[in-house]
Amino acid sequence: FSPARAADSGAGPVVIAHRGASAYAPENTLAAVDKAAELGVEWVENDVQRTKDGELVVLHDDSLQRTTDVEEVFPDRAPWKVKDFTAAEIARLDAGSWFDPAYAGARVPTLEQFVHRVERYDQKLLLELKNPQLYPGIERQTLKVLSNEGWLDREHVRNRLIVQSFGADSVRTVHELKPAVKTGFLGTPPVADLPSYAAFTDQINPSYGSLTADYVDAVHALRGAHGKRLEVFTWTVNDAENARRVDGYGVDGIITNTPDVVQEAVDG
Ligand code: G3P
Ligand code: CA
């Protein structure tokens, strides 16, 4: 049994720009999407959280401290949690200067803004629900935004959208709310538990460090269970050697800060 890859056509794994092309532009900003497009990357990953007044925004950490100038703008608001700031307050922050002064003025995008930018380039979106335990109902809310943006139509759902999370309950909820939307579970469940995950997720997305060919085969062996095509997108691979290693295991996708490096490695 030799499972075919998701990318099919023998083309190797798909390459996903992690938080946008985040080695080259500030993570999770529109500039990082632009950079991914410039590099010809088909897929973009992002992290979605919620503000105090209920807006969905794109940011990795649960605090604004590392990737914005929030400490300067709001010095008395430590520990600067996303959930304690309004969307208007977050919109004032500079999310680019910490990375490089050339990106001064980059903003923390709303989910809508991020999706618009991905759509502009006809890219595909690997959307992560980050820290879902902090944001009750974020699954339904995210699906609503995606629907409003036209991202739950047949074409997007079939080819251009995956919703993933470290939170198994969150992934299950997305699957139950909209079974047509592809989902991914971030982590490496024991092989014996994989069949129960296959009930609600289309992907098992493990960290690359301890990933083995046997594990990838174990996920692929479940193909057909619950009518799904079980895939593996691994993260976060930023060098050619590891990209070639996981490519050799038959992974379906490689999530990377350096999509140009990984694409070249798997093409070569
Ligand atoms: O897409 C996988 C990866 O993003 C998970 O880890 O911490 O970078 O969100 P993290
Ligand atoms: Ca992420």
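Residues numbered from 1 in each chain as written. Chains lettered and ligands numbered in written order. Predicted model: local features only at pLDDT ≥ 70, side-chain atom pairs only at ≥ 80, totals over all residues.

- Going by what an unreviewed UniProt entry lists, the protein chain is known as Hydrolase and is assigned to Streptomyces virens.

## Observations regarding helix α4 (residues 111-120)
Inference 1: When α4 is considered as a whole, its buried residues turn out to be L111, F114, V115, R117 and V118. All buried residues of α4 project into a common sector of 160° when viewed along the axis, lining one side.
Inference 2: Buried residues belonging to α4 abut α1 (30-38), β2 (43-50), β3 (56-58), β4 (124-129) and α5 (138-148).
Inference 3: Looking one or two residues past α4, D122 carries a phi angle of roughly 55°, positive in sign. (Buried ≥ 20, exposed ≤ 12 C-beta atoms within 10 Å, placed from the backbone. Helix = DSSP H or I, 4+ residues; strand = E, 2+ residues; numbered from the N terminus. Arc of directions from axis to C-beta. Contact = placed C-beta atoms within 7 Å.)

## Concerning the environment of Y215
Inference 1: Summarising the element assignment, Y215 is placed in helix α9 (residues 213-220).
Inference 2: Exposure remark for Y215: the 21 C-beta atoms within 10 Å place this residue in the buried category.
Inference 3: Along the sequence, Y215 and S165 sit 50 residues apart, while their C-alpha atoms lie 19 Å from each other.

## Some remarks on the site of ligand 1
Inference 1: Taken together, H18, E45, D47, H60, E128, L186, W235, T236 and I255 are the residues near ligand 1.
Inference 2: Residue composition of the shell around ligand 1, grouped by class: 3 nonpolar, 3 polar and 3 charged. (Near = placed C-beta within 6 Å. Nonpolar A, V, L, I, M, F, W, Y, C, P; charged D, E, K, R; others polar.)

## With respect to the packing of α5 against helix α7 (residues 168-177)
Inference 1: Running from N to C, α5 and α7 cross one another at 50°; their axes reach a closest spacing of 9 Å. In terms of orientation, α5 lies oblique with respect to α7. You can see that α5 and α7 cross each other, and the crossing is right-handed. Two secondary-structure elements touch here, α5 through E139, R140 and L143 and α7 through S170, T173, V174 and L177.
Inference 2: Of the residues assigned to the contact of α5 with α7, the class counts are 3 nonpolar, 2 polar and 2 charged. (Axes fitted to C-alpha atoms, helices over the stretch in contact; angles between N-to-C directions. Parallel < 35°, antiparallel > 145°, perpendicular 65-115°, else oblique. Left-handed = near helix turned anticlockwise from the far one by under 90°.)

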